[in-house]
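Below are the chains, spelled out letter by letter.
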Amino acid sequence: MHKQYQITMKNLEVIESMPGWCTIEKAAKLYDIVIEQNSQLTIELGVFGGRSLLPLAFAHKHKDSGVVIGVDAWNKYASLEGTNDPANDDWWKKIDYNEIYDGCAKAINDNHLFNWCSIIRMKSEQFAILCPNNSVDVIHADSNHSEEITTKEVELFLPKLKSGGIWIADDTGWPTLQKAINMLSEHCDVLEKHDNYMIFKKK
């Protein structure tokens, strides 16, 4: 039995059925952040099956404003960039990326989220060119976990985040994320620290 969340049990049941690693507790937290920030532009870097994208989208639908844009290359070459554990790379080599992408798109459609959620199939550094500075209210970073990519995303996307905006960093216990976390800490306050993610607020 789940504790009471702002997000509905029906939405949580949808999320639980999706591929990915986002816990129900984190899904509820992502939903709350969008509501509390009254986010008009939310960006997710690294979507995979959409398990953490959908709670962000459900929140935008609930308040009937703004949009979440999920950015993911859905491509093994992007997943293998940088230096990662060989076992991690081996796993990502075997993924059917088109199937994962199609499943995510179907979930958006099936849950009538297309007015509040879009997915863009490109690398984050490509999308950064299209995203204006000081335009984003919330960023959820959960893409390639190599030090090279995570630090590059902080460099590229922290300027996109408004002052007072929220950055959620996933899998913050990984050694490869420590440099990116230190970079975030220079420009942001740590609001919450969980077992597998941290929430920052830009100064």
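**Student:** I'd love a proper account of the environment of glutamate 155, names of residues and values included.
**Tutor:** By the secondary structure assignment, glutamate 155 is in helix H8 (residues 147-157). As a C-alpha pair, glutamate 155 and methionine 183 span 28 residues in sequence and 8.4 Å in three-dimensional space.

**Student:** Explain the environment of lysine 63 residue by residue, including any values.
**Tutor:** Inspection of the secondary structure assignment puts lysine 63 in helix H3 (residues 53-63). The spacing of lysine 63 and valine 34 is 29 residues in sequence and 9.2 Å in space, taken between C-alpha atoms. When neighbours within four sequence positions are excluded, lysine 63 is seen to be in contact with Val34, Ile35, Asn38, Ser39 and Gln40. In this structure the side chain of lysine 63 is engaged in a polar contact, spanning 2.6 Å, whose partner is the backbone oxygen of serine 39.

**Student:** Tell me about the sheet that holds strand E4 (residues 136-141), residues and numbers included.
**Tutor:** Ordered by their spatial adjacency, seven strands build an open sheet running E3-E2-E1-E4-E5-E7-E6, and the pairing between neighbours is mixed. Edge positions in the open sheet fall to strand E3 (117-120) and strand E6 (188-193), since each of these has one partner strand only. With strand direction ignored, the average angle separating the axes of adjacent strands in the sheet is 20°. Alignment of strand E1 (residues 41-45) against strand E2 (residues 67-71), held across five bridges, turns out to be parallel.

**Student:** I'd love a proper account of the pairing of E4, names of residues and values included.
**Tutor:** Put simply, side chains in a regular strand alternate between the two faces of the sheet. For E4, the buried fraction is high: six of the six residues fall into the buried class. Where E1 meets E4, four bridges bridge the pair, whose relative direction is parallel. By the bridge assignment, threonine 42 is partnered in E4 with valine 138. Pairing of E4 with strand E5 (residues 161-170), which is carried by five bridges, proceeds in the parallel orientation. Across the sheet, the residue bridging to valine 138 is isoleucine 166, located in E5. Handedness of the crossover is the feature at issue here: the chain leaves E4, passes through H8, returns alongside E5, and the resulting connection is right-handed.

**Student:** Please give an account of the nonpolar core that cites residues and values.
**Tutor:** Counting residues in each nonpolar core, the largest one holds 36 residues, and the members touching the most others are Ile15, Leu53, Leu54, Ile108, Leu113, Cys117 and Ile168. Only helix H1 (9-16), helix H2 (24-37), H3, helix H6 (97-110), E5 and strand E7 (197-202) provide two or more residues apiece to this core. It is H2 that contributes the most residues to this core, seven residues altogether. If we skip the residues at most four places from it in the chain, leucine 53 touches Glu44, Val47, Val68, Gly70, Cys104, Ile108, Cys117 and Ile119. Judged by nonpolar contacts, the second largest core, of 25 residues, contains Leu45, Ala128, Val136 and Leu161.

**Student:** For the side chain of asparagine 144, give the residues involved together with the corresponding values.
**Tutor:** Topologically, asparagine 144 is positioned in the loop between E4 and H8. A polar side-chain atom of asparagine 144 sits 3.0 Å from the main-chain carbonyl oxygen of alanine 78. There is a polar contact of 2.9 Å between the side chain of asparagine 144 and the backbone oxygen of glutamate 81. Those residues in contact with asparagine 144, other than ones at most four positions away along the chain, are Ala78, Ser79, Leu80, Glu81, Asn84, Ile149 and Thr150.

**Student:** An account of the packing of aromatic side chains is requested, with residue identities and associated values reported.
**Tutor:** This model, assessed by the stated rule, comprises eight aromatic pairs. For the ring pair tryptophan 21 and tryptophan 91, a centre distance of 5.7 Å and an interplane angle of 65° mean the geometry is edge-to-face. Within this pair, whereas tryptophan 21 is found in the loop between H1 and H2, its partner tryptophan 91 is found in helix H5 (residues 86-93), the two being separated by 70 residues in sequence. Here the aromatic residues Trp21, Phe48, Trp91 and Trp92 are joined through ring pairs into a cluster of three or more. When the ring centre of tyrosine 197 is taken as origin, the NZ or CZ atom of lysine 26, which lies over that ring, is 5.0 Å away.

**Student:** Go over the pattern of salt bridges, please, and point to the residues and values.
**Tutor:** Per the counting criterion, the structure on display carries eight salt bridges. Residues lysine 123 and glutamate 81 are paired through a salt bridge, measuring 2.9 Å at the closest nitrogen-oxygen approach. Residue lysine 123 is located in the loop between E3 and helix H7 (124-130), and its partner glutamate 81 is located in the loop between helix H4 (76-79) and H5; the two are separated by 42 residues in the primary sequence. Among the residues examined, lysine 123 registers a relative accessible area of 25% and is labelled partly exposed. Taking the shortest distance from any N to any O, the salt bridge between lysine 106 and aspartate 110 comes out at 2.6 Å. In this pair, lysine 106 and aspartate 110 are both assigned in helix H6, four residues apart and thus about one turn of the helix distant. Three or more residues are tied together by salt bridges with common partners; here these are Glu81, Lys123, Glu125 and Lys152.

About the cut-offs
Residues numbered from 1 in each chain as written. Predicted model: local features only at pLDDT ≥ 70, side-chain atom pairs only at ≥ 80, totals over all residues. Heavy atoms only, no water. Helix = DSSP H or I, 4+ residues; strand = E, 2+ residues; numbered from the N terminus. Contact = heavy atoms within 4.5 Å. Polar contact = N/O pair within 3.5 Å; in protein donor to acceptor, adjacent residues only side chain to side chain. Pairing = 2+ DSSP bridges. Axes fitted to C-alpha atoms, helices over the stretch in contact; angles between N-to-C directions. Buried < 20%, exposed > 50% of the residue type's maximum accessible area, 1.4 Å probe, protein only. Right-handed = clockwise from strand over helix to strand, strands pointing away. Core = buried A, V, L, I, M, F, W, Y, C linked by side-chain atoms within 4.5 Å. Phe/Tyr/Trp six-rings, centres within 6.5 Å; stacked < 30°, edge-to-face > 60°. Lys NZ or Arg CZ within 6 Å of the ring centre and 35° of its normal. Salt bridge = Lys/Arg side-chain N within 4 Å of Asp/Glu carboxyl O.

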